[in-house]
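Survey of secondary and tertiary structure
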Amino acid sequence: MTLPARLASEATVRNYPLTVLVAYTDADGVVRRSRDYVAVVRPAPPVRLSLRNVTDDLRGGDEGPVRGQVVAGEVPVRSAVLVLRRPGGDREYALGDLAPGERAPFSFSLTVPNGDDAGPRELAFAVRYVGPDGRTVVTDPLRATVRVGERRDRFRIEARDPT
């Protein structure tokens, strides 16, 4: 028999006693109760993922890379996909399965609009993965700051011999 159970997200990973009893109606229509059964429940450690070594080469009016690594915590993660949340649509990068402590590199190519000024920008990422029960899980946002550099002139015209 399987019964759903939930623990608070901040619950400590340790053994918790769970007392169970069964109420039933016997063949004579009498409601009966079993004796108490005690089971031990231990929550799985939480999945922790982080971003590391996020670098960029972004300039206004140009396309450039944002690179980094996703690092798994103590729990393995199956079928992980890094999702970059962007106005106009999310971008995805398949990471695959991650063992505890494993680092998976990623790279996104982003276009910075021509009118954007230089300066820091915050990017919001999330990781979507398959949980132990087979359901899709999405992490809370993982944030990284990148810096948009000054615009580059596409070309420059110089007079070499103005006569």
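Higher on the page you've got the structure.
This report concerns the structure included in the present document. (Residues numbered from 1 in each chain as written. Predicted model: local features only at pLDDT ≥ 70, side-chain atom pairs only at ≥ 80, totals over all residues. Heavy atoms only, no water.)

Quick word on the overall build of the chain
Selection rule: Secondary structure elements follow DSSP: runs of H or I no shorter than four residues count as helices, runs of E no shorter than two count as strands, and numbering proceeds from the N terminus. As a reference, a globule follows 2.2 Å times the number of residues to the power 0.38, and the radius of gyration itself is taken over C-alpha atoms. Relative accessibility decides the category of a residue: with a 1.4 Å probe and only protein chains considered, values under 20% of the type maximum give buried, values over 50% give exposed, and everything between is partly exposed.
Each helix and strand in the chain was counted, giving zero helices and 13 strands. When the helices and strands of the chain are listed from N to C terminus, the series reads β-β-β-β-β-β-β-β-β-β-β-β-β. In terms of overall size, the chain is more extended than a compact globule, its C-alpha atoms giving a radius of gyration of 27 Å where 163 residues would be expected to give roughly 15 Å. Projected onto its principal axes, the C-alpha coordinates of the chain cover approximately 115 × 30 × 25 Å. Residues counted as buried form 26% of the 163 residues belonging to the chain.

Section: the pattern of salt bridges
Note the cut-off: For this document, the term salt bridge refers to a Lys or Arg side-chain nitrogen within 4 Å of an Asp or Glu carboxyl oxygen.
Per the stated rule, a full pass over the model turns up four salt bridges. Residue R143 is joined to E122 by a salt bridge in which the shortest nitrogen-to-oxygen separation is 3.7 Å. Taken together, the positions of R143 in strand β13 (residues 142-149) and E122 in strand β11 (residues 119-130) put the pair 21 residues apart, joining distant regions of the chain. Looking at E122, the relative accessible area reads 53%, which means it is exposed.

Regarding unusual backbone geometry
Despite not being glycine, N53 has its phi angle at roughly 50 degrees, a positive value. If you trace the backbone, N53 turns up in strand β5 (residues 49-56). A positive phi angle, near 50 degrees, is found at S79, a position not held by glycine. Looking at the element boundaries, S79 is found in strand β8 (residues 77-85). Its relative accessible area of 39% is what places S79 among the partly exposed residues.

Things to note about the nonpolar core
Here is the rule we go by: Side-chain atoms within 4.5 Å are what join buried Ala, Val, Leu, Ile, Met, Phe, Trp, Tyr and Cys residues into a set we call a nonpolar core.
Residues L51, V70, L82, L98, F106, F125 and V127 are the most contacted members of the largest nonpolar core, which totals 25 residues. Secondary structure elements with two or more residues in this core: β5, β7 (63-72), β8, β9 (91-98), β10 (103-111), β11 and β13.

Thoughts on the packing of aromatic side chains
Selection criterion: Side-chain rings of Phe, Tyr and Trp (the six-membered ring for Trp) are treated as a pair once their centres are within 6.5 Å; stacked means planes under 30 degrees apart, edge-to-face means over 60, and tilted covers the remaining angles. Think of it as a cone above the ring: NZ of Lys or CZ of Arg counts as a charge over the ring if it is within 6 Å of the ring centre and within 35 degrees of the ring normal.
Under the definition given, this model contains four aromatic pairs. Following the ring pairs from residue to residue traces out a cluster consisting of Y93, F106, F108 and F125. Lying over the aromatic face of Y16, R14 brings its terminal NZ or CZ to 3.8 Å of the ring centre.

Digging into the pairing of β7
Let me state the cut-off plainly: Strands are treated as partners if at least two bridges between them are detected by DSSP.
For β7, the buried fraction is high: seven of the ten residues fall into the buried class. Examined bridge by bridge, β5 and β7 share six bridges and lie antiparallel to one another. Residue pairing in the sheet places L51 in a bridge with V70 of β7. The sheet contact formed by β7 and β10 spans nine bridges and is antiparallel. Each bridged residue has a counterpart across the sheet, and for V70 the counterpart in β10 is A104.

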